[in-house]
Each structure stands twice: as C-alpha cells, then as structure tokens.
Amino acid sequence: MRAKIRANRSSYDEILCLYGDCGTGGELDRVLGGGLVPGALVLLGGSPGIGKSTLTNMVLGHLQHAGARTLYVSGEESAEQVRLRAERLSDSALQVPILAETDLDAVLDVLAAQAPQVCVIDSVQTLRAADLSGAPGSVGQVREVAARIMELAKARAMAVILVGHVTKDGALAGPRVLEHLVDCVLQFEGERERTYRTVRAVKNRFGATDEIGVFEMGDRGLAEEIAQDVLFLGEGGERAAGAAVFAGIEGTRPVLVEIQALVAPSLLGTPRRAVVGWEPSRLAMVLAVLEAHGGMKLGQYDVYLNVAGGLRIMEPAADLAAAAALISSLTGASLPRDAVYFGEIALSGSVRAVAHPGLRLKEAAKLGFAKAFAPPLPRADGEGANIAVQPIGTVATLVALIASSAVETRAARAGAPARSGVTN
C-alpha cells in the first residue's frame, strides 16, 4: 500500500492518501472522497472492539512511511499498549510518535509545537478541559474539546481524526453539535465475531456519502483485498430456498449480496417481523404488496430477513430480491443459483427501473452469474454485460415464476407430471 500528499490546497487537491493512490481504489480513500484534506476534522465512530484503533494505527503508519508528519494521541491506552498493537501491523506503524495524555491543554501544546500533518485522537471522550467543570465525556467537555481542536486544526492545516464512542443503539455518543463541527463522520461497522468490516460516510463535506469501504481483520491488521463472492454471497453449493442474490450499488461500487428470508407459521397472535441489514419499513411495504398484488397470504407467518456478510443495504433496488427470497421461502422453491435480482417495487405492484443497471449486470456476469431478473431495461443498458435479462414488470409475474417452479419441483419429487399454476 502506498501513500502520498498532493499539493494545491485551495482546490482541495492537497489530500493525504491513506491506502494507495488517491481515487484509484483505496478503501478508506474511496469513502473520504480521495483522501484527507488538510485542516479537516474526521469523526470515526464504531462499537467497542470493532477495530477503530487498528484502523487509525494503520492510517498513520502508511502516512509516516510516505514521509508525512504524524502523531497518535491516546487517552485510553498507555504508549506501551499502543506500541504492542503497532508491532503486529507494520514497521512504519512503530515509527509513529505517541502521546498518552488526557489533558486538553497539554495535547494542544504538543500539537502546536510539533505541527503534525495528520493527528489521531483516541478518543475525543477521554480528553478534558481543565477550565471546565464536568467529567471527561460529558456534553460540555466534548463540545469544548472538539471546538478547540478544530480551531488549531484549521489554523495549522492539520488533518485530525477524532475517534468517538457509540451508544448501545449504535449512534455516536456525545452532543449532536460534535457531528456538526466536524467535516466528515465515518461509521465503522461489522460484527466482532466475524472478520469483515465496512466503513461508511454518514457526513462528508469533501465527498459523497454513499460510498463504502470493505476490510478484513487479520493477524496483521486490516486487509483490503477481499473476494466479494466469499464476503457477501454465502457458502458454496446449492442455494437454499429463501435465498436470493441482490445486485446492488454502493456509491460507485457494484456489490452482489445474498438476501436470506425465512417464512414460518406463527404460534403468536401477532406474527413476528424481524430484519437485519435492511429497513424494517421496506420489509413491511414489500409484504403488503405481495399480499395485495401477488396473492401471497402472509398474515399468519413469522417473517425473518437477513443480509449476508453484515452489510447494511440502503437502496430501494433491493425490493425485488427481498420479494423473491420471501416467495421462495414460502413456496419452498430454490431460486436459480446463477441468477441475480434487482428492482424497486411500487405500491401498485409494478417493478420500477433503478439506477446503473449496466454496472449491476456487468458485475454479476464477472462473478459468473448468467441470468438477471430485473425491470424491463432499454437495450443499451444490457449491452456488453453477457448476461440474459428476464424482465419482471409486476410482482404478480415474479410470484407466478417462482410458484410454478415450486410446483414443478414437487411434481418431479413425486414422479408426477408437473402442473403450472400459482400457489398462495
């Protein structure tokens, strides 16, 4: 991994590239919009143990190796503890100067004297201004700490990464004004039991907020080179009933991810609706449309929906894949293993076109998929994708296709001739 500094700050071109050349594929650079802008404040939040300190250690290590002046301020660990973590990352991470201090005035004095180009403060909730009452991490303390660090960073063109705590609900801890003060808010997400992590921009004054960066936590820190079919497409072998592959877009990156659904008879008066990685309101809407326009009777079933790999899907184009997974689970029909799904479902039951269908199709073809179920597309959108597109104009069409497949499967198992039709 290389890092470099570009010149000409007036046009935001002087950016510090954290992972590789600016704009050419570095995961964190991609999320930040190309790299760190001098004078920018970046707030990095994430659950305890997710890898925030590892990420920031690696960032400073790459920049230190490239010749940038760096400083790591730790309010939670001693210098020796930070060094122990840096030893397993890289030799350059060991060269990063460390300041273990919680007094804000002392930290500001060191920053003013050493004038690093990039500084990490881990974490902003541990610093305390001596002239203010209140414990470290209180609303007044966090507000004052962030404001005074911002003044120095802007005056000295110093890029500062503030590591922040999160609440039990996953929101950034501290006053809301903290998010307004900073230039960029990054959310570091993932499950501690799994090795995969994603970085998502919630706010970014210097770039888009719809990009994600994907990492894998290993013995030597965070790695960027991850096979997408391993990360988001589940295990190998035959795809089980209730699993559909969604061809999505995260920013400029096409992402294929498996959506898993389970529809089971409910023993409760009010059936359960549980969803992980998708908006619960969209699941409720898709279920209502399937009942109203697809003839699916789901009122007496518990419904569970999960997005594989810990990814959180934001775009409505996942409606069609979610619907296909739900229908597949209810009917018991396995969906074609070499097929992907994308399309937005309207309340009328129609399937609407979505942005960038060509990118979705090309990525699916690159990963070995041969067929796509999607809204009717102009011919130009499918050119060069080398993948067959099955147009789906309505939810009723999707239900009929999957239900007829279920009938054929049951008939084949019973040794009887298949009879087409839709089952509810």
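Structure shown above.
Residues numbered from 1 in each chain as written. Predicted model: local features only at pLDDT ≥ 70, side-chain atom pairs only at ≥ 80, totals over all residues. Heavy atoms only, no water.

Novice: How should I be thinking about the packing of aromatic side chains in this particular structure?
Specialist: Any aromatic ring pair is given by two values, namely how distant the centres are and how the planes are angled relative to each other. Enumeration over the complete set of coordinates arrives at 1 aromatic pair. Aromatic side chains Tyr341 and Phe373 sit 4.8 Å apart centroid to centroid with 10° between the ring planes, which places their arrangement in the stacked category. Of this pair, Tyr341 sits in strand β14 (residues 339-341) while Phe373 sits in strand β17 (residues 371-374), and the two are 32 residues apart along the sequence. For Tyr341, a relative accessible area of 2% translates into the label buried. Residue class for Phe373 comes out buried when judged on its relative accessible area of 7%. (Phe/Tyr/Trp six-rings, centres within 6.5 Å; stacked < 30°, edge-to-face > 60°. Helix = DSSP H or I, 4+ residues; strand = E, 2+ residues; numbered from the N terminus. Buried < 20%, exposed > 50% of the residue type's maximum accessible area, 1.4 Å probe, protein only.)

Novice: What is the right way to look at the pairing of strand β4 (residues 118-122) in this model?
Specialist: Within a regular strand, side chains alternate between the sheet's two faces. Along β4, 5 of the 5 residues are buried, which leaves the element largely enclosed by surrounding structure. Neither face of β4 is open: one carries Val118, Val120 and Asp122, the other Cys119 and Ile121, and all of them are buried. Both strand β2 (residues 70-74) and β4 contribute to a ladder of 5 bridges, which runs parallel. Among the inter-strand pairings, Leu71 is bridged to a residue of β4, identified as Cys119. Considered for its hand, the β-α-β crossover made up of β4, helix α5 (residues 139-156) and strand β5 (residues 159-164) is right-handed. (Pairing = 2+ DSSP bridges. Right-handed = clockwise from strand over helix to strand, strands pointing away.)

Novice: I would appreciate a short explanation of the nonpolar core in the present structure.
Specialist: By size, the foremost hydrophobic cluster in this structure holds 59 residues, and its most contacted members are Phe246, Trp278, Leu290, Leu305, Leu326, Tyr341 and Leu398. Here this core gets 9 residues from one element, more than from any other, and that element is helix α9 (residues 319-331). Excluding anything up to four places from it in sequence, Leu305 contacts Ile259, Gln260, Ala261, Ala274, Val275, Val276, Trp278, Leu283, Ala322 and Leu326. Judged by nonpolar contacts, the second largest core, of 32 residues, contains Ile50, Ile161, Cys184 and Val199. (Core = buried A, V, L, I, M, F, W, Y, C linked by side-chain atoms within 4.5 Å. Contact = heavy atoms within 4.5 Å.)

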